[in-house]
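Below, each chain spelled out in residue letters.
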Amino acid sequence: MKPVTLFLFLTLFTILSVRGQVIYVRSASSGSNNGTSWANAYPSLQTALEAATSGKQIWVARGTYKPTTGTDRSVSFQMKSGVKVFGGFAGNEISINDRDTSKNKTLIDGDNLYQCVKNYGTIDGFHVTKGK
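Residues numbered from 1 in each chain as written. Predicted model: local features only at pLDDT ≥ 70, side-chain atom pairs only at ≥ 80, totals over all residues. Heavy atoms only, no water.

Student: Where do I start with the side chain of Asn-104 in this structure?
Tutor: Mapped onto the secondary structure, Asn-104 falls in the loop between β5 (84–89) and β6 (106–109). Since its relative accessible area comes to 3%, Asn-104 is described here as buried. Within polar-contact distance, the side chain of Asn-104 engages the side chain of Arg-62 at 2.5 Å. Polar side-chain contacts of Asn-104 include one of 3.3 Å to the backbone oxygen of Gly-88. (Helix = DSSP H or I, 4+ residues; strand = E, 2+ residues; numbered from the N terminus. Buried < 20%, exposed > 50% of the residue type's maximum accessible area, 1.4 Å probe, protein only. Polar contact = N/O pair within 3.5 Å; in protein donor to acceptor, adjacent residues only side chain to side chain.)

Student: When you look at the environment of Ser-30 in this model, what are you seeing that I'm missing?
Tutor: With respect to the element layout, Ser-30 can be found in the loop between β1 (22–25) and α2 (45–51). For the pair Ser-30 and Tyr-42, spaced twelve residues apart in the sequence, the C-alpha separation amounts to 8.9 Å.

Student: Help me out: how do you make sense of the pairing of strand β2 (residues 57–61) in this one?
Tutor: Remember that side chains alternate between the two faces of the sheet whenever the strand is regular. By the criterion of burial, β2 is predominantly enclosed, with four of the five residues buried. Sheet topology note: the β1/β2 ladder contains four bridges and is parallel. Paired with Ile-23 across the two strands is Ile-58, which belongs to β2. Between the parallel pair β1 and β2, the chain is carried across by α2, and the sense of this crossover is right-handed. (Pairing = 2+ DSSP bridges. Right-handed = clockwise from strand over helix to strand, strands pointing away.)

Student: Mind showing me how you'd approach the packing of aromatic side chains here?
Tutor: To describe a pair of aromatic rings, you give the distance between the ring centres and the angle between the ring planes. Counted by the stated rule, this structure contains four aromatic pairs. A centroid spacing of 5.7 Å and a plane angle of 80° characterise the contact between Tyr-24 and Trp-59, whose relative ring orientation is edge-to-face. Highlighted residues: Tyr-24 in strand β1 and Trp-59 in strand β2, separated in sequence by 35 residues. Trp-59 matches Tyr-24 in its accessibility class, with the two residues each being buried. In this structure an aromatic cluster arises from ring pairing among Tyr-24, Trp-38, Trp-59 and Phe-89. (Phe/Tyr/Trp six-rings, centres within 6.5 Å; stacked < 30°, edge-to-face > 60°.)

Student: How should I be thinking about the sheet that holds β6 in this particular structure?
Tutor: Strand order across the open sheet formed by three strands is β3-β6-β9, with parallel pairing between neighbours. With partners counted over all chains shown, the strands left at the sheet margins are β3 (63–65) and β9 (127–129), one partner each. Here the average twist between neighbouring strands, direction ignored, is 30°. Sheet topology note: the β6/β9 ladder contains three bridges and is parallel. By the bridge assignment for β9, Ile-108 is matched with Val-128. (Axes fitted to C-alpha atoms, helices over the stretch in contact; angles between N-to-C directions.)

Student: What exactly am I supposed to notice about the confidence of the model for the protein chain here?
Tutor: Overall, the prediction assigns the protein chain a mean pLDDT of 86, with 85% of residues at 70 or greater. Under a pLDDT of 50 for its full length, residues 8–17 has, in the predicted model, four contacts with residues more than four places off or in other chains. (pLDDT = per-residue confidence, 0-100. Contact = heavy atoms within 4.5 Å.)

So, in structure tokens, the structure goes:
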């Protein structure tokens, strides 16, 4: 197989293997907000976590995410067993290897919460601020 053909095959394979397994989150999303693509990403990490089932990945674009917009200090992001949550995306990647966690800061803001993340799964590429 020629190198260009092999590259195109691997790229297509990566896209097809990820499709349906990834839930997308971007705080400034303006599409249909159903998490099926970057264009239609959920604007809330909390909503994506509620929709996720075992075997899914959640890709989160740069920005700041809070478990709640209210005043209940006991609210936290509830990670799920079997769900992997990755931050550090710009919001246009097709492969997890394309993300840059240094350039695309993805923050979990736990200001005034007792606990901002309850971790029962994989979480990677996030910076936690003002939280426990």
